[in-house]
Each structure stands twice: as structure tokens, then as C-alpha cells.
Amino acid sequence: MAGRDLLQRHEDNPLLTVDDIPYRCNTVFNGSPVKIDDGYLMLLRVEGQQGYSFFSIARSPDGIHFTADDAPAMLPASEGPWQMWEEGGIEDPRITRFDGTYYILYTATSRYGHYIALASTEDFEAFTRIAVISGPGNKDGVLFPDRIRGLYARLDRPFGNGVGSVWVSYSPDLIHWGRSRIVFRPRPRFWDSYRVGASAPPIRTDWGWLEIYHGVRMTSSGPIYRIGAIMLDLQDPSRVVGHGPLPLLSPREDYERIGDVGNVVFACGAVVEDDGQVKIYYGAADTAICVATAPMERIIASCFE
Ligand code: BMA
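Residues numbered from 1 in each chain as written. Predicted model: local features only at pLDDT ≥ 70, side-chain atom pairs only at ≥ 80, totals over all residues. Heavy atoms only, no water.

Visitor: What is the right way to look at the side chain of aspartate 233 in this model?
Guide: Along the chain, aspartate 233 falls in the loop between β17 (222–232) and β18 (240–242). Judged by its relative accessible area of 17%, aspartate 233 falls in the buried class. A polar contact is formed between the side chain of aspartate 233 and the backbone nitrogen of glutamine 235, at a distance of 3.0 Å. At 2.8 Å, the side chain of aspartate 233 and the backbone nitrogen of aspartate 236 are in polar contact. Those residues within four positions of aspartate 233 in sequence are excluded, and the remaining contacts are Trp209, Arg239 and Val241. (Helix = DSSP H or I, 4+ residues; strand = E, 2+ residues; numbered from the N terminus. Buried < 20%, exposed > 50% of the residue type's maximum accessible area, 1.4 Å probe, protein only. Polar contact = N/O pair within 3.5 Å; in protein donor to acceptor, adjacent residues only side chain to side chain. Contact = heavy atoms within 4.5 Å.)

Visitor: Please clarify how the site of the ligand should be interpreted in this entry.
Guide: Near the ligand you find Asn30, Arg45, Asp92, Lys139, Tyr225, Val261, Val264, Phe266 and Asp286, and these make up its full shell. Within the side chain of asparagine 30, one N or O atom sits 3.0 Å away from an oxygen atom of the ligand. Between the ligand and aspartate 92 there is a distance of 2.6 Å, counted from an oxygen atom to a side-chain nitrogen or oxygen. Here the residues of the shell around the ligand are counted per class, giving four nonpolar, one polar and four charged. (Near = heavy atom within 4 Å. Nonpolar A, V, L, I, M, F, W, Y, C, P; charged D, E, K, R; others polar.)

Visitor: Sorry, what's going on with the pattern of salt bridges here?
Guide: Charged atoms that come close allow side chains of opposite charge to pair. Evaluated as defined, the whole model comprises 17 salt bridges. In this structure, glutamate 91 engages arginine 45 in a salt bridge whose closest nitrogen and oxygen atoms are separated by 3.3 Å. Here glutamate 91, found in strand β6 (residues 90–98), pairs with arginine 45, found in strand β3 (residues 39–47); they are 46 residues apart in sequence, far enough to count as distant. Looking at glutamate 91, the relative accessible area reads 13%, which means it is buried. Relative accessible area serves as the criterion here: at 9%, arginine 45 is assigned to the buried category. (Salt bridge = Lys/Arg side-chain N within 4 Å of Asp/Glu carboxyl O.)

Visitor: Which parts of the structure should I look at to understand the pairing of strand β4 (residues 53–60)?
Guide: Side-chain direction in a regular strand flips from residue to residue, so the side chains alternate between the two faces of the sheet. Most of β4 is tucked away, with seven of its eight residues classed as buried. Bridge count between β3 and β4: eight bridges; the pairing is antiparallel. From the neighbouring strand, tyrosine 40 faces β4, where its bridge partner is serine 60. Where β3 hands over to β4, the hairpin turn is made up of five residues, of which glycine 51 adopts a positive phi near 115 degrees. With two bridges joining them, β4 and strand β5 (residues 67–68) adopt antiparallel strand pairing. In the strand pairing of β5, arginine 59 is matched with threonine 67. (Pairing = 2+ DSSP bridges.)

Visitor: Looking at this structure, how should I read the packing of aromatic side chains?
Guide: Each aromatic ring pair is specified by the distance between its two centres and by the angle formed by the two planes. By the definition in use, this model includes 11 aromatic pairs. Pairing tryptophan 85 with tyrosine 115 gives two aromatic rings, centres 4.9 Å apart and planes at 70 degrees, and the pair type is edge-to-face. Of the two residues, tryptophan 85 sits in helix α1 (residues 83–86) while tyrosine 115 sits in strand β8 (residues 113–121), which places them 30 residues apart along the sequence. When its relative accessible area of 6% is taken as the criterion, tyrosine 115 is described as buried. An aromatic cluster is defined as three or more aromatic residues linked by ring pairs; in this entry it consists of Tyr102, Phe124 and Phe127. Directly above the ring of tyrosine 170 sits arginine 149, whose terminal nitrogen or CZ lies 5.9 Å from the centroid. When the ring centre of tryptophan 177 is taken as origin, the NZ or CZ atom of arginine 154, which lies over that ring, is 4.8 Å away. (Phe/Tyr/Trp six-rings, centres within 6.5 Å; stacked < 30°, edge-to-face > 60°. Lys NZ or Arg CZ within 6 Å of the ring centre and 35° of its normal.)

Note that every value here comes from positions in space, so none of it alone points to a role or purpose.
Below you can see the structure in the form of C-alpha cells.
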């Protein structure tokens, strides 16, 4: 059976719901996974009942069965210079391992809008805030896992002219960013016609940088968020080398259709296994965390359809 979607949902979905969080909160979604020595760790976006989001950790031996920590890992700053950036919460972490350090790009929200912020950790116990690395009206920041032509590189989604497109920028030091170029835009008439944004940090392949992104189509009953893939040139990621017409995953199951924000599948990270299977972790309906998989070769092929 071909199935409706290229990605196969795991039968244990949703992997994490509010019932798995040991303290009172509203929802858990949009988690970013990493593989560590003895299993998997996921940085979760938890939304508290007061209405803002923060980060917590869940751990797993197999990438499927997760146990959430007893207490949050990183709360919005409540004092100091970061307070004004994070007063509305911290959202959608994306983890990239680079030279042995884990860098986390996340969305800081405040009365002035959304910003991309950068923090790092060595051990997921202590987190160091490094810098706010965008102006207002930007989110969906993902850091490439390698330098490109000697510079750090990121994708992001500035909200210029009311259109959400994906851009690439470069930095010598992770703090000062520039040389911004557009990468791809919403495609009129397609499933990603309203908005696009980076989802998982780019994955290096022989064919280019594989970017798992989200695309939105607006309908008369609101937006539908889907997961897609695009291939970018290794040396110049502003150059799209492959972009297929179909999404990888669309909301279909009740846990994707029904929740605080229905009709949403929204990835924040993926794990490539040694056998070539890719596990894509995604928030479902802004209410739960799920995983869906496909062989890397099929995801790559979909970029060139
Ligand atoms: C996006 C982000 C995500 C969220 C999605 C659907 O703009 O805010 O955190 O999952 O909308 O509500």
C-alpha cells in the first residue's frame, strides 16, 4: 500500500501528550530531538496553563518511548536584558550539534514581535543564552551543522511584506549575521502557497542540503500546516537544486486535526539512523508530539520528482 503520505506515522503516536508531563501544563508540541550516547533526548516546547511556552526535556532509549523530566529545563528570562525579548515565552527550539556544542535556535516572543534567539548547552543541564540574532518579525531559525565557505550559516523566515519566505544568512561568529539571500517562497496554488518556513536543521546529503520545512495553505476554515522537503546546493544554499510538488505529511489523524490549533503537523527536528531511516518528529495540532519515518533515499527522491 502506498499510503496517503510518504512519511509513515508510528503506531505509538502521539508519543508525548500533556498526560506525560509530570507537572500541570496546557500542551506539549514542536520538540527538537538529538541522538546522545545512550539514546535520544528531545527538547520539548511546553505551553503552560498561564499561556506562554518554555522548554522541557524528555529522554528515550529508542526514540519512541519518552519519559519527561520532572521540571522544566529553560524558562523565559524573568529579569535582566533577556526579559524584554522573552516576556511572551520561548518557542519551537531547533538543535544543531556543531564542534561538540549543542546550539539551540528558538523563537523569543515579546510585545514587539518574534525574534530568533540563540542559546547553547554542552549537557542539557546548563543553558547559556548567546544573542538575539534577528530583528522583530523573524522565526523558524535553523543552524547548518557545518560552516559553508568558512562561515556559519542559518535559514530563517523574515516576515517581509507580509509574505513568509525562507532566507539564508551567514555569520563569522554566530552573533553578527548578514549576506542574506532568499532561498524559496510560497508557491502559488500549491499546498505551501501561503507561507513556508524551515523546520529541521539542514541535513547534509550527497545531493545537497536536505531541508525539511513546513508549508501552509490558507483555506476558508483557516490554515493547514504540512511537512515538505527541499534540496539546496551544498556550497550556495540560496540555490534550490530540487523541490518536488508534494508534501511529505499532511494532517489526517484525529490527533493532527483536533487540538489547540487543528490541522497542523509541524516538525522541529529529525534523526537520521544508521540504516538510512529518517525519523521526523513533529508537533500535532499544537497539542502533542509524534514521529513519522521514511527511508532517506525516498525523501531525497521526492525532492527531484
Ligand atoms: C507557527 C508556529 C508554530 C505552530 C504553528 C501552528 O507559526 O507558531 O509554533 O505550531 O504556527 O500553530
